[in-house]
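Geometric and topological summary
These are the residues of each chain, in order.
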2 protein chains.
Amino acid sequence: METPASEPSPAASLSPYWLRDNCPCAECRDPRNGQKLFQITDLPDDLTIAAHTEADGRLEVLWSDGHRSRYPSGPPAQEGGDGRTEADKRLWTAADFARGIPEADWEAYLADPAERAAVLTAVRRSGFAVLRGVPTVDRQVLRVAETFGHVRVTNYGELFDVRVEPDPNNLAFTSVAITPHTDNPYRDPVPTLQLLHCLENSATGGDSGLVDGFRAAALLRAEAPDAFAVLTRTLVPFVFRDRNTELRADRPLIDVDPLGRIREVRFNNRSIATLRGSAEELDAFYAAYRAFAAITLRPELQLEFRLDPGDCLIFDNVRLLHARTAFEQDGRRHLQGCYADLDSLASTLAVLHRRTAALDELAALFAGEGAGEYLGEAVTMAEHMLQAGALAEAAGAPPHLVAAALLHDVGHFQGALHGRDLMQGQDNRHSDTGADWLARWFGPEVTEPIRLHVAAKRYLCAVEPAYRARLSEASEYTLQVQGGPMSPAQATAFAAHPAATDAVAVRRWDDEAKTADATTPDFAHFRPLLAALMT
Amino acid sequence: METPASEPSPAASLSPYWLRDNCPCAECRDPRNGQKLFQITDLPDDLTIAAHTEADGRLEVLWSDGHRSRYPSGPPAQEGGDGRTEADKRLWTAADFARGIPEADWEAYLADPAERAAVLTAVRRSGFAVLRGVPTVDRQVLRVAETFGHVRVTNYGELFDVRVEPDPNNLAFTSVAITPHTDNPYRDPVPTLQLLHCLENSATGGDSGLVDGFRAAALLRAEAPDAFAVLTRTLVPFVFRDRNTELRADRPLIDVDPLGRIREVRFNNRSIATLRGSAEELDAFYAAYRAFAAITLRPELQLEFRLDPGDCLIFDNVRLLHARTAFEQDGRRHLQGCYADLDSLASTLAVLHRRTAALDELAALFAGEGAGEYLGEAVTMAEHMLQAGALAEAAGAPPHLVAAALLHDVGHFQGALHGRDLMQGQDNRHSDTGADWLARWFGPEVTEPIRLHVAAKRYLCAVEPAYRARLSEASEYTLQVQGGPMSPAQATAFAAHPAATDAVAVRRWDDEAKTADATTPDFAHFRPLLAALMT
């Protein structure tokens, strides 16, 4: 039933342009990547809701320009955030890590998506994590950065070596103590992540320290709100000069978002050049700056630990301040560092979560709906697919074909038409549906053999008379619904497809995987193989 | 004369912590790179000016903690800015480029520092420039970026190809028109520069368009201040998702600095996800957004031009919106693009300016003071140095030795002690002074032979009796002031120095370069050679 928009209802209380801008239809939004296909100026000036219906949680809107929008779950959800402000962080003092800092073993981090997600979550929430047992190999720090993002090259190069240098152009390359600071504040955009990989540390001293700059800023706001406000609005000139470089960025020490939430901290007295302002403004700034600096030095905020060879510290360079105690020149100390950015780290983490959710969804399908569906065979759909996967594995097939065999029929559960529709004479095009659904996580090496596995049956029926004779009763029935054997021209075209051989292999495992009460590995057995194929 | 701080004077009206934070002494500030060597918390809580003197533009301060600061040019200058806001830009409409857009030939850009500076200045001030005649070679766009900065790698890789793709994950890879937008707003930090290098463009259509987003934002502020304010404070969720990526950044469409000046614009309806807010807030946002979008489409703001093969467009991606007209698939169109950042571009430009200023300073020295100094020889200092440079050049010496010969005596003009002091019996250590001064622009291959050219005289006197006999009268005199011939142990140590051979070569040209009225090239002749050595 369509209701005039003037009647009171949830839809009538929504912002019309907002609602229309979120129309999910394929004309408005690319179904593959969710990017919008219209410009905001394409919408008419007098857009209104002409009529709408709301039922079973769905919302349909007829617009004054004739467009029709269907929101399957009601008005679009207003969710999430980019996770970059204090609102999404766990602000800490050193005591919060009395039982240990966030850390993981390098091999486990590489092998286990859950371990990788835990490390990246720690960097995002607490601002840091340490990987242990990273090979002490030159340039290895770049490999670490590439596990979650892209290296940001600076005037120091792709990476920098932190060790005593004979003619240092930067305090980092001496053995004196360095108080808590952020790096590269004279860059805009500043690198938002830093990595420090310890190759050698046999010197006395030279421990690492971290301070939560967001916590320090929040303390300043609580104790001296005026000083906090001064630091959010005073432009501080950060400068770095050497023979080939002259960088300058004018940014506040504490950057807040339009809602007033702390989102970035810059702190590095070494590179603060001459501020501009009246004597009163400068007095107010220096009083606030000194108050903030004093907070960053409070003992309870200093988290100290030692980096040993093989340790790689990853930390948020627009939040945490890092420090180093002085060290004796009685041993060698050598770190390699590089910069990267938080956005790619957050993307990698979101994709890891998405993949875990997808594997959970597949596992639920095998355990739930798939375990109850028969489609005319002596085995359930789950048994059928597990058998196909196991046959592929036993045949020594490469992982992508094991996955294709294992997942070849998931389309029966995903499309508008169900496997049951197929059995009632209506082609549910499950090979396409399944391939499209899986393409969100798997590459074409997995999806295309699945897409072609029905065509492969029609192909084999055309070119191998003995093949058709061996089809199960149900399979012979669906063959007709799916179009029957291919014509010679169709068969020639099919054979030329790059994925044809793989599709035929999947088809043969498919046909064999119909043994009642066969023992197969369960879905969990295949999960690591699937996880590896998702990257 | 020291004045009590209570007396009225300019110094007394200065902010004490600000003044002390800018103390230029070698204890407070590394003389090589200007980085500060103390923390702001190292200063006492009750810092005051105990006494000060001001005379001849100089300021000296005695601080309450006993430290003494000397400001040779008076209170520190409050100059400059990072050049990133509208205040330092030339806001434009298309008509401003009726006589042509900022452009340069690739070869001239590479060869001529002035041409390079002009291009980079255009990008900084107007937001863009086009290089013509860039070789149409795969990956050449990366070489262009490396002439002024560092490539920013993204999920699209080190570079991306813009051409029609069979299964595009982004609208850029289709042939439809693309309205003005900025790239990658879902990244934080967003890449601040984009490069587009045309390799092929034989299609009908496919022209490039640019809009000055700062100008559009300034127009919105003038015409609808409330709408402008809404866009500076509404956090817009920009999102991009594909199989391996899930990026999100919540940032305003118009970012202003704490002084309210426009500093960044993000504009891309394709990637705006679902905003949060009340219906009133969302209505206000969409009204403001549509008003801003309408301004960006005004014909007078559209600058259109065609990129032909070999053209490389460089533009500010946090200011300019870029667009593309639709094109027919009647020809091929292929661009390669990459991202980089404004901070390195500004650094490269500042260093170019600094080098030009240094060459101007050297030219002035040869034309001015150097032309009037004799130091006991039959030639002026300028003639002497030009002769030495010309002798090195005639001998086929590599550029760094020609430069070392040309500049070996500049230390006579730079140190606390002048060449005249040397002639009055006081060693002015001009080889060290000159080498240190030149090290701001030249590498050790130029500075170290200069540093050792006096030692080389003492060395040659020790190891070649005939050499000493040929010294000029003045040179024999200064030999004594400089320490006389080396001992055998000193000579052995000298010969082991890596720059010893070069220093001896410079020394021999030095000794020969004392011919009255010899004809030599002028300083301008050597300028390109010096400019090339500065990079």
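Nothing here was measured: the structure is a model prediction, and the numbers come from that model.

**Remarks on the overall build of chain A**
On a plain count of helices and strands, chain A comes out with 20 helices and 18 strands. Against the 2.2 N^0.38 benchmark of 24 Å for 535 residues, chain A shows a C-alpha radius of gyration of 30 Å, more extended than a compact globule. When the backbone C-alpha atoms are referred to their principal axes, chain A occupies close to 90 × 70 × 45 Å. Taking the contacts inside chain A whose residues are at least 6 apart along the sequence as the reference set, 74% of them involve residues at least 24 apart. In the structure as shown, chain A presents an accessible area of about 21000 Å², 52% of it carried by carbon and sulfur atoms.

**Description of unusual backbone geometry**
Comment: phi is negative for the bulk of residues other than glycine, and the bulk of peptide bonds are trans. Note the cis peptide between A:Asp188 and A:Pro189, where omega equals 10°. Among the structural elements, A:Pro189 can be located in the loop between strand E8 (178-181) and strand E9 (193-201). Despite not being glycine, B:Asp56 has its phi angle at roughly 55°, a positive value. Inspection of the secondary structure assignment puts B:Asp56 in the loop between strand E2 (49-55) and strand E3 (58-63). At B:Asp517, a residue that is not glycine, the phi angle is positive and equals roughly 60°. For B:Asp517, the location among the structural elements is in the loop between helix H20 (500-512) and helix H21 (523-533).

**Observations regarding the packing of aromatic side chains**
Counting across every chain of the model gives 34 aromatic pairs over all chains. Ring centres of B:Trp92 and B:Phe97 lie 5.3 Å apart, and the angle between their planes is 80°; this geometry places the pair in the edge-to-face category. Take B:Trp92 and B:Phe97: they sit in the same class, and that class is buried. The ring of A:Phe228 carries A:Arg221 above its face, with NZ or CZ at 5.2 Å from the centroid.

**Description of the domain arrangement of chain A**
For chain A, the assigned domains are domain 1 (3-71), domain 2 (86-348) and domain 3 (368-533). For domain 1 of chain A versus domain 2 of chain A, the distance between C-alpha centres works out to 45 Å.

**Describing the relation of the copies chain A and chain B**
Turning chain A through 180° and shifting it by 0.0 Å along the axis lays it on chain B, with an RMSD of 0.1 Å. Such values leave the two copies arranged in the relation of a two-fold axis. Same-surface contact between copies: 100% of interface residues of chain A are shared with the interface of chain B.

**With respect to the interface of chain A and chain B**
In this assembly, 100 residues from chain A lie in contact with 100 residues from chain B. Note on chain A versus chain B: buried area summed over both sides is about 8000 Å², and carbon and sulfur give 45% of it. Taken together, the connections running from chain A to chain B amount to 10 salt bridges. Between B:Arg290 and A:Asp45 there is a salt bridge, and its shortest N-O distance comes to 2.7 Å. The tally of links between chain A and chain B comes to 52 residue pairs in polar contact (both at pLDDT 80 or more). Elements supplying a minimum of two residues to the side of chain A that touches chain B: helix H1 (16-21), helix H6 (225-233), strand E11 (236-242), strand E12 (245-251), helix H7 (279-296) and helix H8 (342-367) of chain A. By residue class, the composition of the side of chain A that touches chain B is 41 nonpolar, 28 polar and 31 charged.

**Some words on the environment of A:Arg324**
Mapped onto the secondary structure, A:Arg324 falls in strand E17 (residues 320-324). Once the C-alpha coordinates of A:Arg324 and A:Thr245 are considered, the two residues, 79 residues apart in sequence, prove to be 25 Å apart.

**Considering the pairing of strand E3 (residues 58-63) of chain A**
Residues and elements named next belong to chain A. On E3, burial follows the alternation: Leu59, Val61 and Trp63 on one face are buried, whereas Arg58, Glu60 and Leu62 on the facing-out side are not. Here strand E2 (residues 49-55) runs beside E3; their pairing, made up of six bridges, is antiparallel. If you follow Thr53 over to E3, its bridge partner there is Glu60. Counting the residues between successive antiparallel strands, the hairpin from E2 to E3 contains two residues, one of them, Asp56, with a positive phi of roughly 50°. Summarising the sheet, E3 and strand E4 (residues 68-71) pair through four bridges and their orientation is antiparallel. Across the sheet, residue Leu62 finds its bridge partner in E4, namely Arg68. From the end of E3 to the start of E4, which pair antiparallel, there are four residues, and Gly66 there has a positive phi angle of about 95°.

**Description of the packing of helix H15 (residues 453-463) of chain A against helix H18 (residues 488-495) of chain A**
Residues and elements named next belong to chain A. Here H15 crosses H18 at 125°, and the two axes come no closer than 10 Å. Taken together, the axes of H15 and H18 are oblique relative to one another. In the packing of H15 onto H18, the handedness of the crossing is left-handed. Contacts between H15 and H18 involve Ala455, Ala456, Arg458, Tyr459 and Val463 from the first element and Gln490, Ala491, Phe494 and Ala495 from the second. For the contact of H15 with H18, the class distribution of residues is seven nonpolar, one polar and one charged.

So, how was this worked out
Residues numbered from 1 in each chain as written. Chains lettered and ligands numbered in written order. Predicted model: local features only at pLDDT ≥ 70, side-chain atom pairs only at ≥ 80, totals over all residues. Heavy atoms only, no water. Helix = DSSP H or I, 4+ residues; strand = E, 2+ residues; numbered from the N terminus. Rg over C-alpha atoms; globule rule 2.2 N^0.38 Å. Contact = heavy atoms within 4.5 Å. Areas by Shrake-Rupley, 256 points an atom, 1.4 Å probe, with all protein chains shown as cover. Phe/Tyr/Trp six-rings, centres within 6.5 Å; stacked < 30°, edge-to-face > 60°. Buried < 20%, exposed > 50% of the residue type's maximum accessible area, 1.4 Å probe, protein only. Lys NZ or Arg CZ within 6 Å of the ring centre and 35° of its normal. Domains from an automatic or database assignment. Least-squares fit on C-alpha atoms with pLDDT ≥ 70 in both. Buried area = accessible area lost by both parts, 1.4 Å probe. Salt bridge = Lys/Arg side-chain N within 4 Å of Asp/Glu carboxyl O. Polar contact = N/O pair within 3.5 Å; in protein donor to acceptor, adjacent residues only side chain to side chain. Nonpolar A, V, L, I, M, F, W, Y, C, P; charged D, E, K, R; others polar. Pairing = 2+ DSSP bridges. Axes fitted to C-alpha atoms, helices over the stretch in contact; angles between N-to-C directions. Parallel < 35°, antiparallel > 145°, perpendicular 65-115°, else oblique. Left-handed = near helix turned anticlockwise from the far one by under 90°.

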